[in-house]
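A structural walkthrough
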Amino acid sequence: MVKKFYVTTPIYYPNDIPHIGHAYTTIAADVLARWNKILGRDVFFLTGTDEHGKKIESAAKKKRKNVKEFVDELIPKFKESWKKLDIEYDKFIRTTDKTHEELVRKILQRVFDKGDIYKGEYEGYYCTECEAYYTEKDLENYCCPIHKIKVEKLKEESYFFRLSKYQKELLNFYRKNEEFISPKFHRQEILNRVEEGLNDLSISRTNFDWGIKLPFDDKHVCYVWFDALTNYISGIDYPKAKFKKYWPADVHLIGKDILWFHAVIWPAILISSGIELPKKVFAHGWWTFDKEKISKSRGRVINVDELISIVGVDSARYFLLRATPFGQDGDFSEGALIERHNNELANKLGNLISRVSSLIEKNGIKKTENKLLKKLNIKRIENLFESYEFDKILNEIFSFIDVCNEYVQSKKPWETKDSRVLYELSDSIKVIGILLYPFIPSTSEKISKQFGFKIDFKEIEKPLKIGKIKKAEILFNKIK
Ligand code: MSP
């Protein structure tokens, strides 16, 4: 039977056009989706936008726009950005979709009927940028620890979700499923906090109305995170066939700032609703400027168009996954981006393709056993994909590209006219092209046309069929 693979990104707040941080999670999800596709799996990739709540309402007000019209204008920008970045998602969910809203109300009603929602009063602090509640001890000078802006003091009637009731079940679940919270170093911090005890969660607001009304009290709108998290099942038509086929999610990819919502609140909502839990939540690090998270509210951002305009789509995708381990923070620098584009993509990969193809045009190619390929540890790459170590995968592939370039240099096929060497190199280029496909899909497609192979993991084992190979066009132009 064909294995399935269901990957999600967070749904983004459409309060502005997407930036590098949003692009990062989405590219990583695309890499995983494409990798699983070339392994022959049945993949579903969900992304979308988180459109309710105070934050979006305020952003619309600032522009003096009706909220729905405001988000409707921004959604095409997200879709265009993803198209430009070669993101091959299967569904784009919006939390203003009718089917999503209906499901949120259904889940709220179910949790309420179970006795897991009760009315009370919320008193505490709120950061609209995070759309999150804070206690006094979380704050730094009454400012949000993430956005460094003043939080709002709230005192209002609210419905609460009995999160505290699920403490034991959550702890048991984490213990049984060691890889649920990934990478490992985040696991203990969540375990510790849950062990300290959980407060019930305020899940409704009354002082604005841009949201889903509670089915059991229409004076209240649903807390935006309860609404948003449900996208992961509404996006695959819970409880219909698509849900049955793809749930549980194989991985929710997220940034580390929203781990608590995904590792604690979401599982508790699911347990309360009687739905199986996702297999993994993987939290990546932040792109920073001078060690500060890049975000709109902090002033300095780099949006998707800017990113692409520096080095092009494939080099941008490559850089984001190569430059820093997935899970760790990385300081963004245009210089480093250009350097990798020039030294790694243009010099190493680009030169290998252009040299080998032009040598074949002049000297021909002759089939032989590819001994060169023994220098590449493909099993290790497969394992690294399982642990989301994208930087190491690329490192491994590029070390092999170095080996190939050195092989050309030392075998001197232009002197010896040994066209078997060129077969070994072409067959190795096939493997390189297939393994790089998840990261730089359009470049890989060019290479595959040039050398005449199919992008499919199974092709790695099969010797390259010799077709007509002509000198390749330049894949990456160097940037000064
Ligand atoms: N709407 C919520 C998610 C709901 S999911 C059920 C949200 N949206 S967001 O637009 O603020 O951010 C979405 C994602 O982008 C988060 O995973 C966040 O970590 C990521 N990034 C935003 N800025 C980032 C960086 N500077 N660096 C890396 N990723 C960061 O949160």
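Below is a summary of the structure that appears in this document.

What counts, and where the lines are drawn
Here, residues in each chain are numbered from 1, in the same order as that chain's written sequence. Reporting of local features is limited, given that this is a predicted model, to residues whose pLDDT is at least 70; pairs of side-chain atoms are given and counted only at 80 or more, and all residues count toward the totals for whole chains, interfaces and linings. Derived side-chain values reflect all non-hydrogen atoms in the structure, with water molecules and hydrogen atoms excluded from consideration. Numbering of helices and strands runs from the N terminus; a helix is a DSSP stretch of H or I covering at least four residues, while a strand is a stretch of E covering at least two. Each residue is assigned to one of three classes by its accessible area relative to the maximum for its type, calculated with a 1.4 Å probe on protein chains only: buried under 20%, partly exposed between the two thresholds, exposed over 50%. Under the convention used here, Asp and Glu are negative, Lys and Arg are positive, and both His and the chain ends fall outside the count. Between Lys or Arg on one side and Asp or Glu on the other, a salt bridge is scored when a side-chain nitrogen of the former is within 4 Å of a carboxyl oxygen of the latter. Fitted lines through C-alpha atoms serve as axes, helices being fitted only where they are in contact, and the angles separating the N-to-C directions of these axes extend from 0 to 180 degrees. Each angle is binned into one of four classes, with values under 35 degrees roughly parallel, values over 145 roughly antiparallel, values of 65 to 115 roughly perpendicular, and all other values oblique. Throughout, a residue-residue contact means that at least one pair of heavy atoms, one from each residue, lies within 4.5 Å. The classification used treats Ala, Val, Leu, Ile, Met, Phe, Trp, Tyr, Cys and Pro as nonpolar, Asp, Glu, Lys and Arg as charged, and all other residues, Gly among them, as polar. At least two DSSP bridges between two strands are needed for those strands to be called paired. Throughout, a crossing is termed right-handed when the near helix is turned clockwise from the far one, and left-handed when it is turned anticlockwise from it by less than a right angle.

1. With respect to the side chain of Glu131
Inspection of the secondary structure puts Glu131 in the loop between strand E4 (117–127) and strand E5 (132–134). Arg205 provides the closest opposite charge to the buried, salt-bridge-free Glu131, at an N-O distance of 5.1 Å.

2. Looking at the pattern of salt bridges
If you walk through the whole model with that rule in mind, you get 39 salt bridges. Residue Arg317 pairs with Asp30 through a salt bridge whose shortest N-O separation is 2.7 Å. Of this pair, Arg317 sits in helix H12 (residues 313–322) while Asp30 sits in helix H1 (residues 20–38), placing them 287 residues apart in sequence. Each member of the pair Arg317 and Asp30 is classed as buried. What you see here is one network of salt bridges that share partners, running through Asp30, Arg34, Lys37, Glu88 and Arg317.

3. Some details on the packing of H12 against helix H15 (residues 390–411)
As a packed pair, H12 and H15 sit with axes 7 Å apart at the nearest point and diverge in direction by 115°. Classified by the angle between their axes, H12 and H15 sit roughly perpendicular to one another. Here Tyr318, Leu321 and Arg322 of H12 lie close against H15, whose contacting residues are Phe390, Asp391, Leu394, Asn395 and Phe398. Residues that form the contact of H12 with H15 fall into these classes: five nonpolar, one polar and two charged.

4. Observations regarding the sheet that holds E5
The strand order across the open sheet built from four strands is E5-E4-E6-E8, with neighbouring strands paired in antiparallel fashion. Only two strands of the sheet have a single partner each, and these edge strands are E5 and strand E8 (201–202). Across two bridges, strand E6 (residues 152–161) lies against E8 in antiparallel orientation. In the strand pairing of E8, Phe161 is matched with Leu201.

5. Considering the sheet that holds strand E12 (residues 251–255)
Taking strand neighbours across the sheet as the criterion, the six strands line up as E3-E2-E1-E12-E13-E7 in an open arrangement whose pairing is parallel. At either end of the open sheet lies a strand with only one pairing partner, and these are strand E3 (91–94) and strand E7 (181–182). One ladder, built from four bridges, connects strand E2 (residues 42–49) with E3; its direction is parallel. In the sheet register, Gly48 faces E3, and the bridge partner there is Ile93. Running at roughly 170° to strand E1 (residues 4–12), H1 makes contact with E1, E2, E12 and strand E13 (281–284) of the sheet.

6. Overview of unusual backbone geometry
A cis amide bond, omega 0°, links Tyr238 with the succeeding residue Pro239. Tracing the sequence through the fold places Pro239 in the loop between helix H8 (231–234) and helix H9 (241–246). Residues Trp247 and Pro248 are joined by a peptide bond in cis, for which omega reads 0°. With respect to the secondary-structure elements, Pro248 resides in the loop between H9 and E12.

7. So, the packing of helix H13 (residues 334–363) against helix H17 (residues 419–436)
Their axes nearest at 10 Å, the elements H13 and H17 cross at an angle of 145°. Relative to H17, H13 is oriented so that their crossing is left-handed. Contacts from Leu349, Leu352, Ile353, Val356, Leu359, Ile360 and Asn363 in H13 reach Ser419, Leu422, Leu425, Ser426, Ile429, Ile432 and Leu436 in H17. Within the contact of H13 with H17, the residues separate by chemical class into 11 nonpolar, three polar and no charged.

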